[in-house]
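Tertiary structure, described
For reference, the chains in residue letters:
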Amino acid sequence: MKKIWIFLLLSLLFSSCQEEVVLDLDQKDSRVPVIEAHWTDQSVYNEVKISLSKNYYDSLDQELIRDADVFIKEQSTGRKIAFRYLEATRSYRTNPTERARVGETYQLNVTWKGQVFQSEGLMLEPPIVDSVVWNYEEKRLFRDEGYFVKVYGKIPFTENNYYRIRVIENDTLYNQPEDYLLFDDTFGLQVFEKGLELGYAFQENDRIRLELYRINKDVFDYLSQLVNLLFNDGGLFSPPPQNPKSNIKVVKGNSQVLGFFVVSPVLSRTLVISSK
Amino acid sequence: MSFHRLLLFLLLFLIASPAFPQEKLVLRGQVMDAGNLQVLVGVNVYWEGKEQQGTATDLDGYFYIPATTLPAKIILSYLGYEKSIRIIQVRDLEKVQRFYLKAEDFSLEEVLIQEKRGDEQVKNLELGKSTLSMETLQSLPALFGEVDLLRSLQLLPGVKSAGEGTTGLFVRGGSADQNLVQVDGAPVYNASHFFGIFSVFNPDGIKKVDLYKGNMPASFGGRASSLIDVTLREGEKDRIQGEGGIGTISSRLTLQGPLLGKNSSFLISGRRTYADLFLKLSSNPDLKNNQLNFYDLNGKAAFSLNEKDKLSVSSYQGSDILGLSGQFGLGWKNWVSAVNWNRVNSDSSFFDLQAYHSRYSYQVKFDNDENGFDWTNSLSESGIKASWTRVLAPSTTLVWGAHGQLYHFAPSDLKPSPNNPINRRQTQGVQGVLGNAFVGLTREFTEKLSGELGLRQGVYAQLGAGKVYQYPGNDPNPDQEPSDSVFYNSADVMQRYQGLEPRIAFRYLLRPEFSLKLAYNRNFQYVQIASNSSAGLPIDRWVLAGQYIRPIKSDQISLGVFHNFDQNRWELSVEGYYKDLDQVIDLRNGARILLSDQVETELLSGRGWAYGAEFLLRKNKGKTTGWLAYTWSRAWRQIDGISKDRPYNPRFDRPHDVSLVLNHQFSPAWSSSLTFVYSTGQAVSFPVGSYLVDNQPVPLYSDYRNENRFPDYHRLDASVTWKNPDQGRKWKGSWNFGVYNLYGRKNPFSYDFRTVYNNQINYSPSDGKIVSARPGVVMTYLFTFLPSITYNFQF
């Protein structure tokens, strides 16, 4: 919110100007592995992406790591679920019958060039989604006119209430920093029972997919810090920029590691907006 | 020998002077302008033939000078006034003598820019103190033509700005919340308008400002780095007068005059911006309905109750309102009031009593049935301070007193609108009480050596009602839930701290115009802002010391040489300092502070240190006046959990800093001013790479904080003032034309590391089809060649 004000103020009152510049930036001595692992109850989402960081101005595609040894261990049984690299998806995948089970803790293991990275996550029970409805709304402050979607459901949990909603419109993920819809129980969860409105004005015939994740606190913190960083404009009103705190640890080797391991149930709905 | 014993020893040593004189040996007087009866500050007073042993009048126009063999001639001299000579008899020592000085005709040769004695900086005991007179302040070129007190203080050595367009001050390596900004003795918690672009002080209502860069007398305290002591003007006593100005973005009006006869006066001063009046002219209905303004209103009434007692009541109120379409708004407000009573018990004994209340509040409101909310917060400080001054001997003055402070930080309260399903969120309020006792002794040992020893003892308690959470391993940490909580009833002591704050200063006069000074100073600070951005926001969360947040402790040692030459026309000073800060705080990554009752889990604490050298060459008299200041300084922080626990520079660490200020009087009608500033760029973190995660290109940062620099900052401002030289007319007007950033230097405000789409820096994926995307750096700069015009008047 503060950003809205600062930019409003600066743009209204003062001759603030912008231009693109080229800065002489430092470079890392070595590239840092970036691990992004999803382990859910739907096989389509289950994958591990491993890549390397690059210099800031490099506009080449990310460099993928294809030769890592990847598995997820089910902690209660000690069973290892192996992943292997698939060029088609440019990620590591496992057998589609393998899925996360509620109540189970899973450990991600990635070994690459003698370095071992590990992370853990608990598969939580999903909340209940009763219905998804949409209504036409006239133009409001901060909202354009259009069809607005509301999600109705119930969250019966007293702890581990960390959620993320992703919105995909006509196969395009809403993916700008302002599109991160993350919520916890700071302001209660009644909002979910009384209808959680998504902040997008959709048009008729838009095909919308909604995905609701119940994530662990470390992933919620990671994503919150990621959003803060994406909003950080480097000005006086922003805190010093910091990398989001990864929930992946380096257990062998002296490399750094970036990214996160999410274990979550996924509830998804697809709808096509039509006038009623 | 322990430190406390050493202090006791020094105190005894200082007091152990020859027996106190029993008879009255001091001449006491008050000096006023014969025309308007305003008291005159800084008038030189000396006995004939003893010019070197003189004194000067204080803020209330009073002076005290040891008597010589009487009868003798006392001489009062003041620039711009005719010299006054009077023969003093022994009986004159019995009561306060009044002196009235007549103003000289306007003289081009001597333009006074400072209300102080010519050789004051060499003779006094002050180190790290700067005084800015309103004449100087008002002559400086200003952003948008708005004369700004805090921004002008940034031109003094040892005072840094965090960046373009901000009035936050960083004094000798301290953070912005380590400055105590006070108006007539009452603290101001948020001294900024428009997110810090302007400060809250309407220059017309101010008499003067003193800046103590860490080395403050024992009667002041409470902040680790500096004291910015603003004195409001008192009204004229002879007739109603007015003055004001019409500027580019605001207008000002001040009225003053006698209140209840000749013994009392009032002054009321207001300022309001009218940016939103221009918005109303916009054809865009969204802009048209927006609000964007601030105002300041301050007043002071002063009463001379009798020959001994003087009472003044002052109040300041200021507010910012930013509104969108009448539905969404953010506002914040300061309201500060103070009552001061000064009593002259006898020629050598004075008493001052002060009571004040300062309240700061903000509100964020969204008027909407389903998503609306009303978020409010306020904090206040109330205080009472009594101080006694006793001239024990001609060369020894003792000041002692007590200062009680009560802090009340109301709950931060977010109330949703009736149909908004979110829960109301309310933090718990916190209270604190701070009692201080202080004693200060100033003694002139010999003609060359004088010293000051001060002690200030603070006792602080955080008071209930309130809840304190307990954490496993006594480690407040966002990743673990509290293990327990303890509830305290109303007025229960939840946590107690105390600290002794010694203040020591010595001055040795090597030659009459050349002195050496040494000072040591300790301060404790029991209240601070939990924030890690460099510029203050109106919704910043102030936190009191408590079980997990310890008070900040600062120790500063400074050494200076002071030299005046060419009959005090030029002042030169070189000061060096080293400052140590303990228990400074910073925030964890992603800290959520504003509506949390467990702020301690989001904080990290550590130490800081700063050192530097400040050079100042100043010319006070003549057609051309001004100063050249150069500061070399460094500031460091070391906090576990930040920058891999290694020392890092805060953003405001800017090693080289130059300010040049020049004023020139061409003729009675024309004058001009020029300021040039240069400083090393801010210490910041630039990315060392990038990576893709969650479908986002993300800049990759080093683990070490602020290892990069913005480019050097520099800027030249100029202004020209024309005033009607006809002094006889009742209405006197003047025009001021100014240009900020004359040569249009693009000083960066920020560098944003973001994806540039379609090779257009402002193109967003929601604007349409994306043809290309690449990493880029977008620089924002604020003010280049910004002209302004102001019309000022007096009647």
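The structure displayed is predicted, hence computed values, not measured ones. Numbering of residues starts from 1 in every chain and runs along the sequence as written. Think of it this way: whatever chain is written first is A, whatever ligand is written first is 1, and the rest follow in order. Given that this is a predicted model, residues contribute local features only at a pLDDT of at least 70 and side-chain atom pairs are listed and counted only at 80 or more, while totals for whole chains, interfaces and linings are drawn from all residues.

**Quick word on the overall build of chain A**
- The helix and strand labels rest on DSSP assignments: H or I over at least four residues marks a helix, E over at least two residues marks a strand, and numbering proceeds from the N terminus. Helices and strands together make up the secondary structure of chain A, namely three helices and 19 strands.
- Based on the C-alpha atoms only, the size of chain A along its principal axes is roughly 60 × 50 × 35 Å.
- Working definition of a contact: two residues with C-beta atoms, positioned from the backbone, lying within 7 Å. If you take every contact in chain A between residues at least 6 apart in sequence, the share linking residues at least 24 apart comes to 65%.

**Some thoughts on the overall build of chain B**
- Within chain B, the secondary structure is distributed over six helices and 50 strands.
- The C-alpha radius of gyration of chain B comes to 28 Å, within 12% of the 28 Å expected for a compact globule of 795 residues.
- Reported as C-alpha extents along the three principal axes, the dimensions of chain B are approximately 90 × 65 × 50 Å.
- Using C-beta atoms placed from the backbone, we call a residue buried if 20 or more other C-beta atoms fall within 10 Å of its own, exposed if 12 or fewer do, and partly exposed for counts in between. Relative to its 795 residues, chain B shows a buried fraction of 46%. Each radius of gyration is computed over the set of C-alpha atoms, and the globule rule expresses the reference value as 2.2 Å times the number of residues to the power 0.38.

**Brief notes about the domain arrangement of chain A**
- Segmentation of the chain into domains, including their bounds, is taken from an automatic or database domain assignment. Parsing chain A into structural domains produces domain 1 (25-124 + 239-263) and domain 2 (128-215 + 267-272).
- Computed over C-alpha atoms only, the centres of domain 1 of chain A and domain 2 of chain A are separated by 28 Å.

**Examining the sheet that holds strand β15 (residues 196-197) of chain A**
All names here are of chain A.
- Two strands form a pair only when DSSP identifies at least two bridges running between them. Here three strands make up an open sheet; going across it, the order is β10-β11-β15 and the pairing antiparallel. Each of the sheet's edge strands pairs with one partner strand only, and the pair in question is β10 (128-137) and β15.
- Strand direction decides the pairing type here: strand β11 (residues 146-154) and β15, joined by two bridges, are antiparallel. Within β15, the residue paired with Lys150 across the bridge is Glu197.

**Quick notes on the domain arrangement of chain B**
- With domains assigned, chain B is organised as domain 1 (3-101) and domain 2 (231-750 + 784-794).
- Summarising the inter-unit geometry, the C-alpha centres of domain 1 of chain B and domain 2 of chain B are found 34 Å apart.

**As for the sheet that holds strand β1 (residues 26-33) of chain B**
Residue and element names in this part refer to chain B.
- Strands sit in the order β4-β1-β7 across an open sheet of three strands; the sheet is mixed. A single partner strand is all that each edge strand has here, and the edge strands are β4 (62-66) and β7 (97-101). Strand-to-strand twist across the sheet, computed as the mean angle between neighbouring axes with direction ignored, equals 30°. Convention adopted: a line fitted to C-alpha atoms gives each axis, helices being fitted over their contacting stretch, and angles between N-to-C directions are expressed from 0 to 180 degrees.

**Quick notes on the interface of chain B and chain A**
- The interface is formed by 63 residues belonging to chain B together with 62 residues belonging to chain A.
- Listed by contribution, the elements that provide at least two residues to the side of chain B that touches chain A are β21 (309-324), β22 (328-346), β43 (689-693), β44 (696-700), β48 (748-757) and β49 (773-781) of chain B.
- Here the term charged refers only to Asp, Glu, Lys and Arg, the term nonpolar to Ala, Val, Leu, Ile, Met, Phe, Trp, Tyr, Cys and Pro, and the term polar to all other amino acids, Gly among them. In the side of chain B that touches chain A, the residues fall into 39 nonpolar, 19 polar and five charged.
- With five bridges joining them, strand β1 (residues 17-21) of chain A and β49 of chain B adopt antiparallel strand pairing.

**Thoughts on unusual backbone geometry**
Residue and element names in this part refer to chain B.
- Here the amide bond leading from Leu70 into Pro71 is cis, since omega sits at 0°, within 30 degrees of zero.
- Among the structural elements, Pro71 can be located in the loop between β4 and β5 (72-77).
- The omega torsion of the bond from Gly464 to Ala465 falls at 5°, within 30 degrees of zero and hence cis.
- Position of Ala465 among the secondary structure elements: in the loop between β29 (449-463) and β30 (466-470).
- Even without glycine at this site, Asn474 takes up a positive phi of about 50°.
- Tracing the sequence through the fold places Asn474 in the loop between β30 and β31 (484-488).
- You will see that Ala491, though not glycine, has its phi angle at about 70°, which is positive.
- When you line up the elements, Ala491 lands in the loop between β31 and β32 (493-511).

**A short note on the pairing of strand β16 (residues 207-214) of chain A**
- The sheet contact formed by strand β12 (residues 162-169) of chain A and β16 of chain A spans seven bridges and is antiparallel. Residue pairing for β16 of chain A: Arg166 of chain A is matched across the bridge by Glu211 of chain A.

**Brief notes about the environment of Gly253 of chain A**
Residues and elements named next belong to chain A.
- Residue placement: Gly253 occurs in the loop between β17 (249-252) and β18 (258-264).
- By the C-beta count within 10 Å, which is 15 here, Gly253 ends up partly exposed.
- Gly253 sits 138 residues away from Gln115 along the chain, and the two C-alpha atoms are 4.7 Å apart.
- Apart from residues no more than four positions distant in its own chain, Gly253 is found in contact with Gly114, Gln115 and Val116.

**Here's the deal with the nonpolar core**
- The term nonpolar core means buried Ala, Val, Leu, Ile, Met, Phe, Trp, Tyr and Cys residues held together as one set by C-beta atoms within 7 Å. Of all hydrophobic cores here, the largest spans 101 residues; its most connected members are Leu153, Ile228, Ala530 and Leu544 of chain B.
- Those residues in contact with Ile228 of chain B that lie beyond four places of it in its chain are Leu153, Asn179, Leu180, Val181, Val209 and Leu211 of chain B.

**Details of the environment of Leu122 of chain A**
All names here are of chain A.
- Checked against the element boundaries, Leu122 lands in strand β9 (residues 115-122).
- Classification of Leu122 as partly exposed rests on a count of 16 C-beta atoms within 10 Å.
- Between the C-alpha atom of Leu122 and that of Glu87, which follows or precedes it by 35 residues, the distance is 29 Å.
- Other than its neighbours up to four places away in sequence, Leu122 contacts Thr105, Asn216 and Val263.

**Observations concerning the confidence of the model for chain A**
Residues and elements named next belong to chain A.
- The predictor rates its confidence in each residue with pLDDT, a number between 0 and 100. Looking at chain A, the pLDDT average stands at 91 and 94% of residues meet or exceed 70.
- When the elements of chain A are averaged for pLDDT, helix α1 (residues 2-13) gives the smallest value, 49, and β18 the largest, 98.
- Per-residue pLDDT stays below 50 along residues 11-15; that stretch engages in eight contacts with residues further than four places along the chain or on separate chains.

**Considerations on helix α3 (residues 217-231) of chain A**
- To estimate how far a helix should extend, the number of its residues minus one is multiplied by 1.5 Å. With 15 residues, α3 of chain A extends 21 Å from end C-alpha to end C-alpha; this agrees with the ideal 21 Å at 1.5 Å per step.
- All buried positions along α3 of chain A are accounted for by Asp218, Val219, Phe220, Asp221, Tyr222, Leu223, Leu226 and Leu229 of chain A.
- Check the buried side of α3 of chain A and you find it contacts β12, β14 (181-184) and β18 of chain A together with β44 of chain B.

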